[in-house]
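Structural overview
Listed below, chain by chain, are the residues.
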Amino acid sequence: MSIRENLDRVRTDITEACARASRDAASVKLMAVSKTWGPTALVEAFEAGQRVFGENRVQEWDHKQQQLHSLIGEGVGTLETHLIGNLQSNKTSKAAWLFSAVDTVDSVKVAARLNDVTAQVGKVLPVLVEVKLSDEESKQGVDEYELPSLLRHLHEMEGIDVRGLMMVPPWTDDAEGARPYFRRLRELRDEAERTIEGLHLPELSMGMSHDFAVAIEEGSTCVRIGTAIFGVRPRAED
Ligand SMILES: *Cc1c(COP(=O)(O)O)cnc(C)c1O
């Protein structure tokens, strides 16, 4: 299967999941997660009409976007790129310039650094807060008890536009196993909107290759799809 065919199939699956959930297909964004793939894979997706991409490393995307300039030229400017990997504090400034959005903010410290870069130049960076809903030691994300306080801080920052929540559920073989986590993220969003005045969180980034249909049924507005578009990743991520 080519990347174009895979994209077609994923788009069809998204439309069908939206129909089952009585949702408008335009309410779910498809993010192509291109981490570990070289620029030619991105160009293939680009030529099949894909514009939203997710990358998990600042350095990797910096390198790739430079290569893309020689392949698609001005086309690079039409890409919407999201950082979906852990952001180290020494990379915040680069990330704020390089990405359209940072979807993994999980501390006031990182947010304040992003805000320092953007507020000074009058840029407003869209961000999502990554939430950790399970006790897995290795997982990034703010835990749900600290979420309201982090959201309040972000809401005050002039260079930051906090748009919603993002989450990676613990791995389960069966996509249904992820449903309670997707539902919980939506509830946390609803609670935050109720309790923090003036805060609107329209975005819920949840759902990956194996569970995006369930995520859509639970209210996802952005599904992050890697394997189902590009195939099994060529090398380990870490
Ligand atoms: C790699 C990654 C994805 C894509 O996962 P697939 O299972 O390949 O679709 C989605 N979200 C995040 C945060 C990732 O790191």
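A word on the side chain of Asp211. Note on placement: Asp211 falls in the loop between strand E8 (203-205) and helix H8 (212-217). One buried charge, Asp211, has no salt-bridge partner; the nearest side chain with opposite charge is Arg224, at 7.1 Å. Separated by 2.7 Å, the side chain of Asp211 and the backbone nitrogen of Met208 make a polar contact. In this structure, Asp211 is in contact with Pro169, Ala175, Ala178 and Phe182, ignoring residues within four places of it in sequence.

Where helix H2 (residues 39-47) meets helix H3 (residues 58-72), the closest approach of the two axes is 9 Å, and the angle between their N-to-C directions is 55°. Between H2 and H3, the angle falls in the class oblique. Note that H2 runs across H3; the crossing there is right-handed. Here Pro39, Leu42, Val43 and Phe46 of H2 come into contact with H3, specifically with Trp61, Lys64, Gln67, Leu68, Leu71 and Ile72. When grouped by side-chain class, the residues that make up the contact of H2 with H3 number eight nonpolar, one polar and one charged.

Taking 1.5 Å as the rise per residue, helix H1 (residues 3-20) with 18 residues should run 26 Å; its terminal C-alpha atoms sit 26 Å apart, in good agreement. Of the positions making up H1, those classed as buried are Ile3, Asn6, Leu7, Val10, Ile14, Ala17 and Cys18. When H1 is viewed along its axis, its buried side chains cluster within an angular range of 110° and face the same direction. The exposed set on the far side of H1, more than 90 degrees from its buried face, consists of Ala19 and Arg20. Contacts made by the buried residues of H1 are with strand E1 (29-33), H2, H8, strand E9 (222-225) and helix H9 (227-230). Of the residues one or two after H1, Ser22 is the one with positive phi, at around 50°.

Quick look at the environment of Arg11 now. Mapping Arg11 onto the fold places it in helix H1. A C-alpha to C-alpha distance of 29 Å links Arg11 and Ala95, two positions 84 residues apart in sequence. If we skip the residues at most four places from it in the chain, Arg11 touches Leu30, Ala48, Gly49 and Gln50.

Here the focus is the nonpolar core. Val129 and Leu151 are the most contacted members of the largest nonpolar core, which has 70 residues in total. Element by element, the count of residues in this core is highest for H1, at six residues. Sequence-distant contacts of Val129, that is, excluding residues within four places in its chain, are made with Asp103, Val105, Val142, Leu147, Leu150, Leu151, Leu154, Val162, Gly164, Leu165 and Met166. Counting seven residues, the second largest nonpolar core, distinct from the first, contains Met31, Val33, Val52 and Leu128.

We now examine the packing of aromatic side chains. Per the counting criterion, the structure on display carries one aromatic pair. Positioned above the aromatic ring of Phe46, the side-chain terminus of Arg51 is 3.8 Å from the ring centre.

Where charged atoms of side chains with opposite charge meet at close range, the side chains can pair. Applying the stated criterion across every chain, the model contains 17 salt bridges. Close ionic contact of Glu55 with Lys64 constitutes a salt bridge, the shortest N to O distance being 2.7 Å. You'll find Glu55 and Lys64 in the same group, each marked buried. Between Glu176 and Arg179 there is a salt bridge, and its shortest N-O distance comes to 2.8 Å. A single network of salt bridges, built from pairs that share partners, joins Arg20, Glu176, Arg179, Arg183, Arg186, Glu217 and Glu218.

Okay, the environment of Met167 next. Inspection of the secondary structure assignment puts Met167 in the loop between strand E7 (160-166) and helix H7 (179-195). Using a relative accessible area of 0% as the deciding quantity, one classes Met167 as buried. Separated by 120 residues in the primary sequence, Met167 and Glu47 place their C-alpha atoms 29 Å from one another. Excluding residues within four positions of it along the chain, Met167 makes contact with Val131, Leu133, Tyr181, Phe182, Leu185, Ser205, Met206 and Arg224.

About the cut-offs
- Residues numbered from 1 in each chain as written.
- Predicted model: local features only at pLDDT ≥ 70, side-chain atom pairs only at ≥ 80, totals over all residues.
- Heavy atoms only, no water.
- Helix = DSSP H or I, 4+ residues; strand = E, 2+ residues; numbered from the N terminus.
- Buried < 20%, exposed > 50% of the residue type's maximum accessible area, 1.4 Å probe, protein only.
- Lys, Arg positive; Asp, Glu negative; His and termini not counted.
- Salt bridge = Lys/Arg side-chain N within 4 Å of Asp/Glu carboxyl O.
- Polar contact = N/O pair within 3.5 Å; in protein donor to acceptor, adjacent residues only side chain to side chain.
- Contact = heavy atoms within 4.5 Å.
- Axes fitted to C-alpha atoms, helices over the stretch in contact; angles between N-to-C directions.
- Parallel < 35°, antiparallel > 145°, perpendicular 65-115°, else oblique.
- Left-handed = near helix turned anticlockwise from the far one by under 90°.
- Nonpolar A, V, L, I, M, F, W, Y, C, P; charged D, E, K, R; others polar.
- Expected span 1.5 Å × (residues − 1).
- Arc of directions from axis to C-beta.
- Core = buried A, V, L, I, M, F, W, Y, C linked by side-chain atoms within 4.5 Å.
- Phe/Tyr/Trp six-rings, centres within 6.5 Å; stacked < 30°, edge-to-face > 60°.
- Lys NZ or Arg CZ within 6 Å of the ring centre and 35° of its normal.

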